[in-house]
Amino acid sequence: MANNDILSAYDSGQRKQFRNDFQQVARVSFELEKHYARGQHDLTRDIRKFEEMLKKFSKKYGSLLLKLAKAADSLRLRIFADEKSIGDFFANCASRMAGLKAIGLTGFNQAEATETEKFASLAEKMKDSVFVTYSDANSGTSTLAAVFDRKEKRVEILYQLSELFSTNSADFRAIAFYGLQKVDARLRIDADMSQFGFVEIMTEDKAHEFYDRFNPRFPE
């Protein structure tokens, strides 16, 4: 991973293991969502197994909570960071990533980082949500959005699916930042992939090939 500003405390092996575990989970989630929306198969057993895997993932990576939201015709993977407020999320994570360009409270680019007073004023008003834009020579342009969930009492990271497979994206770096804070290395996530017949173990090359073809956004 290039430009590991907030991930620099972790060695390449730790980062690679998290990336493999997390991206496999994201792939299963996408496949389940796709099949569920089509309504052609009974996915009850697969969904139950996946929810158990999410519990295991959240136990392994203790500062992240992954949950599956179910509706009549859709599934959605939700990702929560262990922060008690949007202000803490911004101070501890979002503001520390390289290339911070602009922020907003209800949408992107409401205050540029170069607009010192306006930027500071907006940052002080953070409460329910934050929208951050980054522009960096190494990582390119990227965005990050998060909201505070009062039920979970955590910050939910709102992501674009394609960004989860780009290790330089703000979405991925923020998720990895929390994931790597508290790790139980004894737990194996990749071994659980064999439970899902429609999902193959995904190498990085396969991930890029797949998401070059399928580049949807999870419903928000």
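In this report, we go over the structure that sits alongside the text.

The rules we used
Residues numbered from 1 in each chain as written. Predicted model: local features only at pLDDT ≥ 70, side-chain atom pairs only at ≥ 80, totals over all residues. Heavy atoms only, no water. Helix = DSSP H or I, 4+ residues; strand = E, 2+ residues; numbered from the N terminus. Buried < 20%, exposed > 50% of the residue type's maximum accessible area, 1.4 Å probe, protein only. Contact = heavy atoms within 4.5 Å. Areas by Shrake-Rupley, 256 points an atom, 1.4 Å probe, with all protein chains shown as cover. Pairing = 2+ DSSP bridges. Axes fitted to C-alpha atoms, helices over the stretch in contact; angles between N-to-C directions. Phe/Tyr/Trp six-rings, centres within 6.5 Å; stacked < 30°, edge-to-face > 60°. Parallel < 35°, antiparallel > 145°, perpendicular 65-115°, else oblique. Left-handed = near helix turned anticlockwise from the far one by under 90°. Salt bridge = Lys/Arg side-chain N within 4 Å of Asp/Glu carboxyl O.

### Some words on the overall build of the chain
On a plain count of helices and strands, the chain comes out with 6 helices and 7 strands. Ordered by position in the sequence, the α and β elements of the chain form the string α-α-β-β-α-β-β-α-β-β-β-α-α. Each of the 220 residues in the chain was classed as buried or not, and the buried ones make up 50%. Long-range pairs, those at least 24 residues apart, make up 64% of the contacts in the chain between residues at least 6 apart in sequence. Of the roughly 10800 Å² of accessible surface on the chain, a fraction of 45% belongs to carbon and sulfur atoms.

### Concerning helix H5 (residues 170-179)
Among the 10 residues that make up H5, 10 are buried, leaving the element largely enclosed by the rest of the structure. Of all the positions in H5, only Ala 170, Asp 171, Phe 172, Arg 173, Ala 174, Ile 175, Ala 176, Phe 177, Tyr 178 and Gly 179 are classed as buried.

### Observations concerning the sheet that holds strand S3 (residues 100-104)
Pairing in this open sheet of 7 strands is antiparallel, and the strands run S1-S2-S7-S6-S5-S3-S4 from one edge to the other. Strands at the two margins of the open sheet, each flanked by one partner only, are strand S1 (64-70) and strand S4 (111-112). Bridge count between S3 and strand S5 (residues 129-136): 4 bridges; the pairing is antiparallel. Paired with Ala 102 across the bridge in S5 is Thr 133. Relative to S3, helix H4 (residues 116-124) is tilted by about 50°, and along the sheet it contacts S3 and S4. Its contacts with the sheet place H5 against S1, strand S2 (75-81), S5, strand S6 (140-149) and strand S7 (154-158), and it is angled at close to 50° to S6.

### Focus: the packing of aromatic side chains
In this structure the tally under the stated criterion is 11 aromatic pairs. Taking 5.7 Å as the distance between ring centres and 5° as the angle between the ring planes, the aromatic pair formed by Phe 18 and Phe 22 counts as stacked. Taken as a pair, Phe 18 and Phe 22 lie in helix H1 (residues 12-38) at a separation of 4 residues, close to a single helical turn. By relative accessible area, which is 0% here, Phe 18 ends up buried. Residues Phe 18 and Phe 172 carry aromatic rings whose centres are separated by 6.2 Å and whose planes lie at 55° to one another, so their mutual orientation is tilted. Placement of Phe 18 in helix H1 and of Phe 172 in helix H5 is noted, with a sequence separation of 154 residues between them. Judged by relative accessible area, Phe 172 falls into the buried class, the value being 0%.

### Notes on unusual backbone geometry
Despite not being glycine, Asn 109 has its phi angle at roughly 60°, a positive value. What makes Asn 109 partly exposed here is its relative accessible area of 42%. One non-glycine residue, Lys 153, lies in the positive phi region at around 55°. For Lys 153, the position within the fold is in the loop between S6 and S7. Given a relative accessible area of 55%, Lys 153 falls into the exposed group.

### Describing the packing of H1 against H5
At a minimum axis separation of 11 Å, H1 and H5 run at an interaxial angle of 115°. With respect to each other, H1 and H5 are oriented roughly perpendicular. The way H1 lies across H5 gives a crossing that is right-handed. Contacts between H1 and H5 pair Phe 18, Arg 19, Phe 22 and Gln 23 from the former with Phe 172, Ile 175, Ala 176 and Gly 179 from the latter.

### Focus: the pattern of salt bridges
Per the counting criterion, the structure on display carries 14 salt bridges. In this structure, Lys 67 and Glu 152 form a salt bridge, with 2.8 Å as the shortest nitrogen-oxygen distance. Of this pair, Lys 67 sits in strand S1 while Glu 152 sits in the loop between S6 and S7, placing them 85 residues apart in sequence. We note a salt bridge from Arg 76 to Glu 156, for which the minimum N-O separation is 3.4 Å. Linking Arg 76 in strand S2 with Glu 156 in strand S7, this pair joins segments that are 80 residues apart in sequence. Salt bridges here are not isolated pairs; linked through shared partners, they connect Arg 76, Arg 78, Asp 149 and Glu 156.

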